[in-house]
Amino acid sequence: MARIVQKYGGTSVGDVERIKKVALRIKAIRDQGNELVVVVSARAGVTNELLARAKSLAANPSDRELDMLLAVGEQETIALTAIALQGVGVDAVSYTGAQAGIFTDKVHTKAKIKTINAQPIEKDLKAGRVVIVAGFQGINEEGHITTLGRGGSDLTAIALAAAVQADKCEIYTDVDGVYTADPRVVPDARKLPEISYDEMLELASSGSKVMQSRSVEFAEKYGVVFEVRSSFNYNPGTIVKQEVAYMEKVVVRGVAVDKDQAKIIVSNILDKPGSAASVFRALADANIIVDMIVQNVGRNGIANLTFTVPQVDTGKAQKALEPVLDAVGGGHVAVHEHIAKLSVVGVGMKTHSGVAATLFQALADANINIELITTSEIKISVVIDEDRADEAARVAHAAFKLNEL
Ligand code: ADP
Ligand code: ASP
Ligand code: MG
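Position numbers for residues count from 1 along each chain, tracking the sequence in the order it is written. Chain letters and ligand numbers both follow the written order, the letters beginning at A and the numbers at 1. pLDDT decides what is reported in this predicted model: residues at 70 or higher carry local features, side-chain atom pairs at 80 or more are listed and counted, and totals for whole chains, interfaces and linings draw on all residues regardless. Hydrogens and water are ignored here; the side-chain numbers use all heavy atoms of the structure.

Draft legend 1. Region of interest: the site of ligand 1. One heavy atom within 4 Å of a molecule or strand is enough for the residue carrying it to be called near that molecule or strand. In the vicinity of ligand 1 there are 17 residues, among which Thr 173, Asp 174, Tyr 179, Asp 182 and Arg 184 approach most closely. Between ligand 1 and Thr 173, the relevant distance is 2.7 Å, taken from an oxygen atom to a side-chain nitrogen or oxygen of the residue. Asp 174 is positioned with one of its side-chain polar atoms (N or O) 2.8 Å from an oxygen atom of ligand 1. Relative to its unbound accessible surface of 580 Å², ligand 1 loses 89% to contact with the protein. Basically, the charged four are Asp, Glu, Lys and Arg, the nonpolar ten are Ala, Val, Leu, Ile, Met, Phe, Trp, Tyr, Cys and Pro, and anything else, Gly included, counts as polar. Residue composition of the shell around ligand 1, by class: seven nonpolar, five polar and five charged. Distance and chemistry together define a polar contact, namely a pair of N or O atoms within 3.5 Å, with one atom able to donate a hydrogen and the other to accept it when in protein, and with adjacent residues in sequence counting only for side-chain atoms on both sides. Note on areas: Shrake-Rupley, 1.4 Å probe, and residue coverage restricted to the protein chains presented here.

Okay, here's the thing in structure tokens:
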């Protein structure tokens, strides 16, 4: 007997027929005598639909009300999954995030999990019930519903796996595992049998939406080994785990594209100590995550700051910058949404040279212009025109021979 946490994503529970199939998969595992905690997402598309409805009523809906609304999607699927299980003779109970004891901080729409009180779940498991938990949501200390950021059901599953000390954590999705690139964009991408937390984290935070990046961070911190696999077949998936020495033999593990970033240029600000600090303090106070940053060489005491932020936060960023512009010399804010970030990731970069040169040459050969560059120990990212992003991913994938390894 094992204790297993499974998570089924939006496509896997996309309609009643699929929910029935998921219920049968769960029943088969349950019938082998295992204990099961199952996290489900909203039906594919529902979270976006709800968001669009909110935006049709107000340009900037409050984050508290958005959380109240977006949490609805998962509440439908937990109940339907529990009902489907009951329909095939399995004792099951559904829980919202709050009922499952998932306590978060107060940051609506991207709350962090603070603690999980797993007692109610433990009680149900002991009574032989399958526990179905709503992904993506929690409750803060004031009793308000919070959500964990887009794709947050992954985090719910991994955090629950840590909290109930699961023997196994399985993330079921609509592809067979983690590939060397998004298989929908790069047709000859390969499924990886395994990947390190750090590589998965860099890919996820660079736009590979197969896993939510915060969930990978959590998994690494608490040592939760998990498998990403398909709910539509029984093929083995990808194991995500701590780096082991032989992983460094591969220089580039994968390629990611993020089309949900925007570039902001704050121009004509005073080139003096404190200017950058006030700009980024204002963004940090508005809970906006800044990724790439470039400051150009100041001329005549005037400088420009260029950086990228999530596209959804551009309105918030402009609003946050308004009050500090005067203090940094007036400045001018321009937003460019038509960009994409291309990243290549691999732990092998720590010990191999030439990765940047190969990437830049491949893009140059395809006549794709690079606007910004950043590197970390295991990643190189470039900002390019959004229209060329998919092509750039295929070009980079081929340049590092990722289809062949
Ligand atoms: P779920 O609803 O199950 O959480 P998501 O849509 O969030 O599923 O994530 C799965 C999708 O991630 C796949 O359909 C695939 O198009 C995309 N994806 C992006 N990069 C990768 C990658 N490197 N490997 C596998 N899938 C990827
Ligand atoms: N339903 C949420 C979303 O679409 C959470 C998830 O699917 O993981 O972002
Ligand atoms: Mg997802």
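Draft legend 2. Region of the structure containing the sheet that holds strand S18 (residues 339-345). In this description, strands pair whenever DSSP reports at least two bridges between them. Only DSSP runs of H or I reaching four residues or more are called helices, and only runs of E reaching two or more are called strands; each is numbered from the N terminus. Reading across the sheet, the four strands line up as S13-S18-S20-S19 and stay open at both edges, with antiparallel pairing between neighbours. Of all the strands in the sheet, just strand S13 (254-258) and strand S19 (372-376) have a single pairing partner and so form its edges. The mean inter-strand angle of the sheet, taken between neighbouring strand axes irrespective of direction, is 20°. Where S18 meets strand S20 (residues 379-385), seven bridges bridge the pair, whose relative direction is antiparallel. Looking at the pairing, Lys 341 lines up with Val 383 of S20. Packed on one face of the sheet, helix H10 (residues 355-365) meets S18, S19 and S20 and runs near 20° to S20. Note on geometry: axes are C-alpha line fits, over the in-contact stretch for helices, and angles between N-to-C directions span 0 to 180 degrees. We call two residues in contact when some of their heavy atoms are within 4.5 Å.

Draft legend 3. Summary view of the side chain of Thr 146. Its location among the elements puts Thr 146 in strand S8 (residues 145-147). A distance of 2.8 Å separates polar atoms of two side chains, one belonging to Thr 146 and the other to Thr 104. For Thr 146, the residues in contact, after removing those within four places along its chain, are Asp 67, Thr 104, Asp 105, His 108, Ala 111, Phe 136, Gln 137, Gly 138, Ile 139 and Asn 140.

Draft legend 4. How the structure looks around the packing of helix H2 (residues 46-57) against helix H3 (residues 63-87). Their axes nearest at 8 Å, the elements H2 and H3 cross at an angle of 150°. Classified by the angle their axes make, H2 and H3 are roughly antiparallel. Here the hand of the crossing between H2 and H3 comes out right-handed. Within the contact between the two elements, H2 uses Val 46, Thr 47, Leu 50, Leu 51 and Ala 54 and H3 uses Leu 66, Leu 69, Leu 70, Val 72 and Gly 73. Between 65 and 115 degrees an angle is taken as roughly perpendicular, under 35 as roughly parallel, over 145 as roughly antiparallel, and anywhere else as oblique. Take the far helix as the reference: if the near one is turned anticlockwise from it by less than a right angle, the crossing is left-handed, and if turned clockwise, right-handed.

Draft legend 5. Spotlight on the side chain of Glu 194. Summarising the element assignment, Glu 194 is placed in strand S10 (residues 194-196). Side chain to side chain, Glu 194 and Lys 241 meet in a polar contact 3.0 Å long. A polar side-chain atom of Glu 194 sits 2.3 Å from a polar atom in the side chain of Tyr 246.

Draft legend 6. Main features of the site of ligand 2. What surrounds ligand 2 is the set Ser 41, Ala 42, Thr 47, Glu 74, Phe 136, Arg 150, Gly 151, Gly 152 and Ser 153. Arg 150 places a side-chain nitrogen or oxygen 2.6 Å from an oxygen atom of ligand 2. With the chains in place, 86% of the 260 Å² that ligand 2 exposes on its own is no longer accessible.

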